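One-letter residues, chain by chain:
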Amino acid sequence: KSKVTVKELAEIMDKNVSEIITKLIGLGIMATINQELDYDTAQIIASEFGVEVEPLEDVTMDDVIDDIEIEPDRPEDLKPRSPVVTVMGHVDHGKTSLLDAIRKTKVTSREAGGITQHIGASEVKVNDKKIVLLDTPGHEAFTSMRARGAKVTDIAILVVAADDGVMPQTIEAINHAKAAEVPIIIAINKMDKPSANPDRVKQELADHGILIEEWGGDVISVPVSALNGENIDTLLEMILLVAEMEEFKANPNRKAIGTVIEAQLDVGKGSVATILIQNGTLKIGDSVVIGTTHGRIRAMMNDKGKRVNVAGPSTAVEITGLSEVPEAGDQLFAVEDDKIARAIVEKRINKIKAEQLKASQKISLDALFSQM
Ligand code: GDP
Ligand code: MG
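Rules of the game
- Residues numbered from 1 in each chain as written.
- Chains lettered and ligands numbered in written order.
- Predicted model: local features only at pLDDT ≥ 70, side-chain atom pairs only at ≥ 80, totals over all residues.
- Heavy atoms only, no water.
- Helix = DSSP H or I, 4+ residues; strand = E, 2+ residues; numbered from the N terminus.
- Buried < 20%, exposed > 50% of the residue type's maximum accessible area, 1.4 Å probe, protein only.
- Contact = heavy atoms within 4.5 Å.
- Areas by Shrake-Rupley, 256 points an atom, 1.4 Å probe, with all protein chains shown as cover.
- Core = buried A, V, L, I, M, F, W, Y, C linked by side-chain atoms within 4.5 Å.
- Near = heavy atom within 4 Å.
- Polar contact = N/O pair within 3.5 Å; in protein donor to acceptor, adjacent residues only side chain to side chain.
- Salt bridge = Lys/Arg side-chain N within 4 Å of Asp/Glu carboxyl O.
- Arc of directions from axis to C-beta.
- Pairing = 2+ DSSP bridges.
- Phe/Tyr/Trp six-rings, centres within 6.5 Å; stacked < 30°, edge-to-face > 60°.
- Lys NZ or Arg CZ within 6 Å of the ring centre and 35° of its normal.
- Axes fitted to C-alpha atoms, helices over the stretch in contact; angles between N-to-C directions.
- Parallel < 35°, antiparallel > 145°, perpendicular 65-115°, else oblique.
- Left-handed = near helix turned anticlockwise from the far one by under 90°.

S.K.: What's the story with the overall build of the protein in this structure? I'm lost.
M.R.: Regarding its fold elements, the protein presents 11 helices and 19 strands. Residue burial in the protein is summarised as follows: out of 372 residues, 47% are buried. Sequence separation of at least 24 residues holds for 74% of the intrachain contacts in the protein that already meet a minimum separation of 6. Surface accessibility of the protein: about 18,800 Å² in total, with carbon and sulfur atoms responsible for 48%.

S.K.: Just checking my understanding: could you explain the nonpolar core for this structure?
M.R.: One finds L98, I131, I155 and I157 to be the most contacted residues of the largest nonpolar core, which totals 27 residues. When residues of this core are traced back to their parent elements, those giving at least two are strand 4 (84-89), helix 5 (95-105), strand 5 (121-126), strand 6 (129-134), strand 7 (155-161), strand 8 (184-189), strand 9 (220-223) and helix 9 (232-246). In terms of residues, this core owes the most to one element, helix 9, which gives 7 residues. Setting aside chain neighbours within four positions, we find I131 in contact with P83, V85, S122, E123, V124, V126, L236, I239 and L240. Ranked by size, the runner-up nonpolar core spans 20 residues in total, among them I184, A196, V201 and I212.

S.K.: What is the right way to read the site of ligand 1 from this model?
M.R.: Within the structure, ligand 1 sits among 15 residues, and D92, K95, T96, S97 and D192 are positioned closest to it. Note that an oxygen atom of ligand 1 is positioned 2.5 Å from one of the side-chain N or O atoms of S97. Interatomic distance of 3.1 Å between a side-chain N/O atom of N189 and an oxygen atom of ligand 1. For the shell around ligand 1, the element with the most residues is helix 5, which contributes 3 residues.

S.K.: I keep staring at the pattern of salt bridges and nothing clicks. Help me out?
M.R.: Tallied over the entire structure, the rule returns 15 salt bridges. Here E11 and K7 are joined by a salt bridge, their closest N and O atoms 3.8 Å apart. With a gap of 4 residues between them, E11 and K7 both fall in helix 1 (residues 6-13), about one helical turn apart. K269 serves as the salt-bridge partner of E318, at 2.8 Å between the closest nitrogen and oxygen. In this pair, E318 sits in strand 18 (residues 315-322) while K269 sits in the loop between strand 11 (257-266) and strand 12 (270-279), placing the two residues 49 residues apart along the sequence. Among the residues examined, E318 registers a relative accessible area of 8% and is labelled buried. A relative accessible area of 33% places K269 in the partly exposed class. In this structure, a network of salt bridges that share partners links the residues R74, E76 and D77.

S.K.: Quick question: what am I supposed to make of helix 3 (residues 39-48) here?
M.R.: Think of an α-helix as turning once every 3.6 residues; residues three or four places apart then point the same way. Among the residues of helix 3, those classed as buried are Y39, T41, A42, I45 and A46. For helix 3, the arc enclosing every buried residue in end-on projection is 165°, short of the 170-degree limit, so these residues lie on one face.

S.K.: I keep staring at the pairing of strand 18 and nothing clicks. Help me out?
M.R.: Buried residues dominate strand 18, accounting for 8 of its 8 residues. Relative to strand 18, strand 12 is paired through 6 bridges, and the arrangement is antiparallel. Across the sheet, the residue bridging to V272 is T320, located in strand 18. When strand 15 (residues 293-301) meets strand 18, the two strands line up antiparallel, connected through 4 bridges. Counted as the bridge partner of M300 is I319 from strand 18.

S.K.: Sorry if this is basic, but what is going on with the environment of G285 here?
M.R.: Checked against the element boundaries, G285 lands in the loop between strand 13 (282-283) and strand 14 (287-290). By relative accessible area, G285 is classed as partly exposed at 25%. Put simply, G285 and I297 are 12 residues apart on the chain and 4.9 Å apart in space, counted from C-alpha to C-alpha.

S.K.: Can you walk me through the packing of aromatic side chains in this structure?
M.R.: Aromatic ring pairs are reported here in terms of the distance separating the ring centres and the angle at which the planes meet. Tallied over the full model, the rule gives 0 aromatic pairs. Over the face of the ring belonging to F49 we find K23, whose NZ or CZ atom lies 5.4 Å from the ring centre.

S.K.: Quick question: what am I supposed to make of the sheet that holds strand 8 here?
M.R.: One key point about sheets: their strands pair by backbone hydrogen bonds, in either a parallel or an antiparallel sense. What the 6 strands build is an open sheet, ordered 5-6-4-7-8-9; its pairing is mixed. At either end of the open sheet lies a strand with only one pairing partner, and these are strand 5 and strand 9. If you compare each strand with its neighbour and ignore which way they point, the axes differ by 30° on average. Inspection of the sheet shows strand 5 paired to strand 6 by 6 bridges, in the antiparallel sense. Within the sheet, the bridge partner assigned to V124 lies in strand 6 and is I131.

S.K.: Is there a simple way to explain the packing of helix 1 against helix 2 (residues 17-26) in this structure?
M.R.: Two numbers describe a pair of packed helices, the interaxial angle and the distance between the axes. The N-to-C vectors of helix 1 and helix 2 enclose an angle of 115°; their axes lie 9 Å apart at closest approach. What the angle tells us is that helix 1 and helix 2 run roughly perpendicular. Considering only the axes of helix 1 and helix 2, their crossing is right-handed. Together, V6, K7, L9, A10 and M13 of helix 1 and V17, I20, I21 and L24 of helix 2 make up the contact between the two elements.

S.K.: How should I be thinking about unusual backbone geometry in this particular structure?
M.R.: If a residue is not glycine, its phi is most likely negative; likewise, a peptide bond is most likely trans. The phi dihedral of K190 falls on the positive side, at around 65°, and the residue is not glycine. Its place among the elements puts K190 in the loop between strand 8 and helix 8 (198-207). The residue N231 is not glycine, and still its phi comes out positive at about 65°. Considering the arrangement of structural elements, one finds N231 in the loop between strand 9 and helix 9. Judged by relative accessible area, which is 29%, N231 ranks as partly exposed.

Structure (structure tokens):
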């Protein structure tokens, strides 16, 4: 946990530094003005002054999202859509290498060597079926995006290095995927290494509640090498198999709903955001609301860097035409027209301001700590 200095604490509580130091001495702590205090100590001091310490609850988009009427789709309007996949796993187990290997097996020789990453997601075709790969590190996609109420992943590929086995971030990844109820496919990577020990990996996975098919469970595992491309095709086929079992569906004939994968300010283009379209179809000229940002879609670019006019479910596109840079995890909604988009954003901003005002009337150590 982060720390706060005596001086900062005095400022936020509107007290003299000497008063704080006196209280600290009372607690048996000899402190100087720049001394860092941990959260618990700061909280004790605050309560000594009778200051109510209450966690500042972030106003999440969930609170304001109810301003948009989302009509449920009729079952007959739903069409199969492609799976969206993230790669998770312990550091250095080969997440980036695996994504690269997948892309490499799927580019034509003409493109090979010149694979440019255009947006934060890419699509590969396997047996005429599409798979969407998110570049967002799996953990981020699960934590920050889920914290914002967004679910972007259909299937999690859990990479475990065969020479290293289950490690802390492997376990974290398992927990994230389980909590999100997202199916996992295990990629036992680095099989080319002489020290590879896939059986140990399977045993360790079983110890953590992941029972692979071979062991009587229902989790698919594929031994791969991101380095030499071994079994990458099999892994892709397994993704399609799981997708088929899960029967992912969406309604392409409605206004778009999506999630911001990444966003930034571009010198030439202004605010740009990569959106994963999850339902409906986004078109040039559509009015959209994203968090507290609105806009009209001026241009869209797909993962190959090509301009497109429409983007249906399970497509990632970079869009321009936004009033501001939205945040990753924010949800996009296409709405009737600009006027409505502006009105919704105004309402959201007012709501957030009101909440902030309410919160600022209480001194919140939690807020201070979370900023640091
Ligand atoms: P990340 O941290 O999970 O994204 O892991 P990276 O993809 O950056 O890989 C970490 C290291 O492992 C790099 O030096 C890779 O070259 C190496 N590596 C990744 N996959 C393989 C593999 O299949 N075989 C071998 N021998 N090395 C690999
Ligand atoms: Mg990496």
